[in-house]
Every structure is written in C-alpha cells, then in structure tokens.
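Remarks on the overall topology
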Amino acid sequence: MTVLSRMAGHGGRFARSLARGAGAASARFPLSAVLIVAVAILSNLAAEDVYLTSEETTLRLVAALYGAAAAAVVARLAMEGWSATGWPRAVIPPMGGVIIGAAVWVANALGVFAPALVAALTLAVPLAPFAFGGTDRRFWAFTLWTFVGVTLAFLSVLLFTLGISAILEMIRFLFEVGPSSRAYAHIYITALSLVGPLFALGRIPHGSDDTLEPPSDDRLVAGIRLLIDFVSVPLALAAGLVLHLYAVKILATGEVPKNEIGWIVTSYAVLVLMLRVVAEPFLATGAATTRFFARVWSFGLVVPLGLLAYAATLRIGAEGFTLERYYLVLGGIAAVMIILLQVPGRTRGDIRLMTSVPLALLALSSIGPWGVTCTVTRSQVARLQPLIGDGQNAGATQPPSRIWEIRSRLGALDDVNAVAAVLPILNDEQRRAVGAAVAAQPADEAEAALVALGFAEAAPLQREVRSLSARSLQAVQTNGFDIAVGSLFVAEDATQRIPSDAGEIAVSLSGPDLVIDIAGASDRFDVGGAVAALPPASFGAAPERVPQPVVDLQSASGRRIRIAIQSVTVYADDSGVQSIGGTLLLLRREDWPSQP
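Residues numbered from 1 in each chain as written. Predicted model: local features only at pLDDT ≥ 70, side-chain atom pairs only at ≥ 80, totals over all residues. Heavy atoms only, no water.

**Section: the packing of aromatic side chains**
How two aromatic rings sit relative to each other is set out by the distance from centre to centre and by the angle between their planes. As enumerated under the stated definition, the model contains five aromatic pairs in all. On the numbers, 5.8 Å between centres and 75° between planes, the contact of Phe130 with Phe139 is edge-to-face. Taking relative accessible area as the criterion, Phe139 reaches 2% and is therefore assigned buried. Taking 5.7 Å as the distance between ring centres and 75° as the angle between the ring planes, the aromatic pair formed by Phe130 and Phe142 counts as edge-to-face. Of this pair, Phe130 sits in the loop between α6 (114-123) and α7 (136-175) while Phe142 sits in helix α7, and the two are 12 residues apart along the sequence. Across the pair, Phe142 and Phe130 agree in class, each one buried. If you follow Arg60 out to its NZ or CZ, it ends over the ring of Trp105, 4.0 Å from the centre. The side chain of Arg559 reaches across the aromatic face of Trp592, ending 4.4 Å from its centre. (Phe/Tyr/Trp six-rings, centres within 6.5 Å; stacked < 30°, edge-to-face > 60°. Buried < 20%, exposed > 50% of the residue type's maximum accessible area, 1.4 Å probe, protein only. Helix = DSSP H or I, 4+ residues; strand = E, 2+ residues; numbered from the N terminus. Lys NZ or Arg CZ within 6 Å of the ring centre and 35° of its normal.)

Okay, here's the thing in structure tokens:
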C-alpha cells in the first residue's frame, strides 16, 4: 500500500502541475490554447481516418491553426515586452493569429509559402519580448529558460505517458485485459498535441521578470560554459580550418566544389552564429579558445561564404533555383548581413540582431516576388519552356535525359506548390490535360503533369485494402479432416507448393477464391466471401483483440476445407483477396483421390 500510495501521490502532483501549466497557458495565451485544443481534436479524428472533406484539407487546417496559435503567442509576448496594456494587449494577439491563420489556410491562392512563414513565427518566440527593447543579457536568459521550460514540459509529458503505457502493458500481461493499439495512439496524440503544448506554453517566462537572469554560479549556466569552452568552440574552429583548407585546394587545383558544399557551408555558418549567440555571456571570461572565437568568428565566415557563393552560382546557372538552393542562398545572405552588422559600433555584437536577421529573411521568403515560390517558379518555368515546346514533342519517344530533366523541373515546382505555373506556356490541348490531371491527383502534381504531357506512363492505381490480424494460433478441431497444412502464406500471382504423401498441394489465389490443386485435381473455395462475413470491427483492430477466425468452406463440387486464418488482406470492395498468411489449412483425403 505504501508503494501504491506513493505512486498515487506522484501521479497526483504531476496532474496538478499539468493543470497549473495548462491554466497559466490558457490565461496568458487564450486563443492559442483554444487552437491547440482544436488541433488535438483534429489529430485524434485523423487517427480514426475521419477528415474534413479530405485528408489534405485536414492537414491544411491543422497547419493554419498552428500558424495562428504561434502568431498569437508571438504577438502577446511582443505586447508584454512593449509593456502594452488595455486594448492593444487584448486585441493585437488574436488579430495577428486570425490574419496569419487565414494566410496559411489560403496560402496557395495568395502565393504564400506557408512552411517558411510558420517556421519563422515559431522560432521568433524567444525574440518577441525584445522586439521593442531590452538587453542582450535578458534576451539570452529568456531564450535559455524558454528552451529549458519547453523541453522539460514535453519530456515530462512523454515520460509520464510512457510510464502509464508500461503499467497498462503490465496489466495486459498479468490480467489479459488492456487498451487497444488505437487507444494507445490516441493517448500519445493527446499527450503530444494537447497536454505537451499547453504545459510548454505555461513554462514560457515573462520577459519583465526580475529573476530571469541566472547568477553566474548557477549549475546550468556553468554546464553551458563548460560545453562551450571545451566542446563546441574547439569543434567550430576545427571545422572552419577544414573549410579554409578546402578553399585553398580549390584555388590550387581549379576544381569545381563538390555538390554538398552548399549544405556543409550553410550548416557551418548556422553553427557559428548559434554558438556566437549562446556564448554571449562567456566571451570575455571564457577559456582561451572562447576568447579567440569571439575575436575571429566573423572573419572566419568570409572564406566559407565565398565557397558557398561560388558553388551556388555554378548550380543555379546550370539548373536554376530550387527550394533547397533558394534557402542555401538565403542563409548565405543572412550570414553576410550579420557580418556587415559587426562593422558599426552600435550594432556590433548585438545577439538580438544576429537572431532577428535570419528570422526576418525567413518570413520574407514566404511572400512576394522575392519569395521562394515566385523565385523558383520564374527560374524553372523559363527552363521548362524550351523542353516542352509547343506540344509537338509531347508523347513522342524522348531521350531519357530529356524526360529526367522535365521531371526534375516539375518536381522543383511541386516543392513550392506551383506546378500550375506551367499552364501559360502550354498549348490549349496540353493546358486542359495538365489542369485536369493536377486537379485529380493533388498528392503528386509533378508526376500527374508529366503523364498528362505524354512524357511518362500513368502508374497503376493503388486499390484500397483492409486487413485483419488475429491472435496466435489456437486449438482447432480436426474432426473429419486428415491432411493439415500449417503456416500457409499465399499472395496474388504466387503459388505455394507443399509436398505431401497425397501428392503435391498447390495453393493460390484467384479473385475471391482460394484455389487448391492436389495431384492434378483442382477446386476453388470462396474464402473472400467468408472473410467479408467477418465482423467489420475485426479489421484494423489490434491482433490481441481479434479471436482467430475458423471457417468451413465447401466448393461447388462438394469438397470441404477448414481454415484458421492468422492474417488476411482483402480489397475494400470485396472483389478479391490480396494475401492470406499464417493460416492452418485442413483437408479431407477422401475428397482428393490419387490421380492415375
């Protein structure tokens, strides 16, 4: 009883902590809390395959709700940093949430690249309270405690959920009763989409909190100092040395930079800039390597950024802008702007500016003629026009390299949801075909357009199926049957052959029928009809909750079989059986006389 009472006490304290966090989040960020609840509801409905008109619409709505929630949080924190009271604090956050949510919902119609906009808003949360003032040190402390609070919130919820799951599995093992796999899915979805986010919002500190800045002897701060002094900074300096040596090699040999140099340089620049922000309180008093890093970090980015500019110029000149190349270039521009900000004394070393520059560029990349959608569209459509021509080449036999290039260009447009941008360069017949194909296949617009233009064959349609998996093999009565075939697995267009003293047994599937041939005698059994008669709730349920179906079948000629089904997959329209496996098949020898 003592152990149980302690467990109950810990659970109660955790529940009260969750309630306090959720209450604080709801009071401080009311619109965001409501939207998080809506996202959790939609996510749980999606787990049951229940969507608003379509799966794509539900995903778009979830993205819009998340974007609105993030915008409302950022606006509220900005108002707190501005010390706004009254109607600005009450009206501006929900207004910002509604505007951003609507923009994400109709992103394609507005030409907005929603992922960039939503990512910029999410990453702007630590910066928002200092948009109208504050100091570097308070910004650093606020970011630290926000990160720690959010991380601990999600970890706490995840560990608690894992613990509950372990207890439920223990109950299932000992008492043979417990929730289904679908119930577990709902538990985890609710924990990660509702409880975790609300708890995390409740852990965001107030930017005006006088106790925000930790003392220099704080253990967490001391740990961060050690990590920076003896791990992160030495690694960053070593990586910079390698990139400088590679630049020397390119100058000496005249070779073209390798394909991945763009991502390598961008990752290095992000590492250096993040390290510069995180190391802010320790630059003057840190180890020798940290003090050296504080003096040379901006100079150390010049040569790698030159490598990035050279590589990007070569790739873009040959193949145009793609989503990846656009953001590589944007990252390089952000790094150059931050380096230039180190020249004037007023902006030198301001980590708020170092953080705000890339976030502002990321947000700007989501809209306008300079944005990723318009830039990639202009670049790729200009290269597609001579490849597609006036339609005379479409449908004809083309070199594989030409088809690959067209597919690559359409894929780049699909990445920014702009395949429809090719319509103006097509003739009337192509325009009608591509428009209809893209509308009918929104999940893969690039391939649909390629097929409609005649440069590829349509892939066979995937038929919808439903599956059943049952518990492990149970005892099966064998009265009247004297031939047993165990562990039977048969799929469409395949035959399983089993040797026996009655002759070779060949088992295959044909539509809804199980076809059995023994020593030349063949017969068909309607296993599809038997499966269709099983309870609908058995399909998709956890195997441990489904008793193994045992059915007797009789052919048109009077032969009888008994099968114990372990797993089976049938087409949703009951037109056939795709596979049947782990099955015990019982036959009667007298039904299959030996052939002369």
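**A short note on α6**
Within α6 the residues assigned to the buried category are Ala114, Ala116, Leu117, Val118, Ala120 and Leu121. Tucked into the core, α6 has its buried residues touching α3 (55-81), α4 (87-105), α5 (107-110), α13 (323-340) and α14 (351-364). (Contact = heavy atoms within 4.5 Å.)

**Focus on the sheet that holds strand β5 (residues 513-518)**
Reading across the sheet, the four strands line up as β3-β4-β5-β6 and stay open at both edges, with antiparallel pairing between neighbours. The sheet terminates laterally at β3 (495-498) and β6 (521-525), the two strands that pair on one side only. For this sheet, the mean inter-axis angle between neighbouring strands, taken without regard to orientation, is 20°. Pairing of strand β4 (residues 505-510) with β5, which is carried by six bridges, proceeds in the antiparallel orientation. Directly across from Leu509, in β5, lies its bridge partner Leu514. (Pairing = 2+ DSSP bridges. Axes fitted to C-alpha atoms, helices over the stretch in contact; angles between N-to-C directions.)

**Here we look at the environment of Leu77**
Along the chain, Leu77 turns up in helix α3. Relative accessible area serves as the criterion here: at 0%, Leu77 is assigned to the buried category. Residues Leu77 and Ala128, 51 residues apart in the sequence, show an inter-C-alpha distance of 5.6 Å. If sequence neighbours within four positions are ignored, Leu77 has contacts with Arg28, Phe29, Val125, Ala128, Pro129, Phe142 and Ile204.

**With respect to helix α9 (residues 219-253)**
Helix length check: α9 (35 residues) gives 50 Å between terminal C-alpha atoms against 51 Å at 1.5 Å per residue, within 8%. Those residues of α9 lying buried are Val221, Ile224, Ile228, Asp229, Val233, Ala236, Gly240, Leu243, Tyr246, Ala247 and Ile250. Contacts from the buried residues of α9 go to α7, α10 (261-278), α11 (288-296) and α12 (302-319). Directly beyond the C-terminal end of α9, a positive phi value near 75° is found at Gly254. (Expected span 1.5 Å × (residues − 1).)

**Points about a nonpolar patch on the surface**
On the surface, a cluster of nonpolar side chains totalling about 890 Å² of accessible area is made up of Phe160, Ile164, Ile167, Met170, Ile171, Phe173, Leu174, Phe175 and Val177. Take Phe175: it is sitting in helix α7. (Patch = residues over 30% accessible without salt bridge, like charges linked within 9 Å, V, L, I, M, F, W, Y side chains within 5 Å. Areas by Shrake-Rupley, 256 points an atom, 1.4 Å probe, with all protein chains shown as cover. Salt bridge = Lys/Arg side-chain N within 4 Å of Asp/Glu carboxyl O.)

**So, the side chain of Ser555**
Its location among the elements puts Ser555 in the loop between β7 (550-554) and β8 (560-564). Side-chain polar atoms of Ser555 contact the side chain of Ser557, separated by 3.1 Å. (Polar contact = N/O pair within 3.5 Å; in protein donor to acceptor, adjacent residues only side chain to side chain.)

**Focus on the packing of helix α15 (residues 372-388) against helix α16 (residues 400-415)**
Relative orientation of the contacting elements α15 and α16 amounts to 155°, with a least axis distance of 9 Å. Here α15 is positioned roughly antiparallel relative to α16, judged by the angle of their axes. As for how α15 packs across α16, the hand of that crossing is left-handed. Judged by residue contacts, Val376, Thr377, Gln380, Val381, Arg383, Leu384, Pro386, Leu387 and Ile388 of α15 engage Arg402, Glu405, Ile406, Arg409, Leu410, Ala412 and Leu413 from α16. For the contact of α15 with α16, the residue count by class is 10 nonpolar, two polar and four charged. (Parallel < 35°, antiparallel > 145°, perpendicular 65-115°, else oblique. Left-handed = near helix turned anticlockwise from the far one by under 90°. Nonpolar A, V, L, I, M, F, W, Y, C, P; charged D, E, K, R; others polar.)

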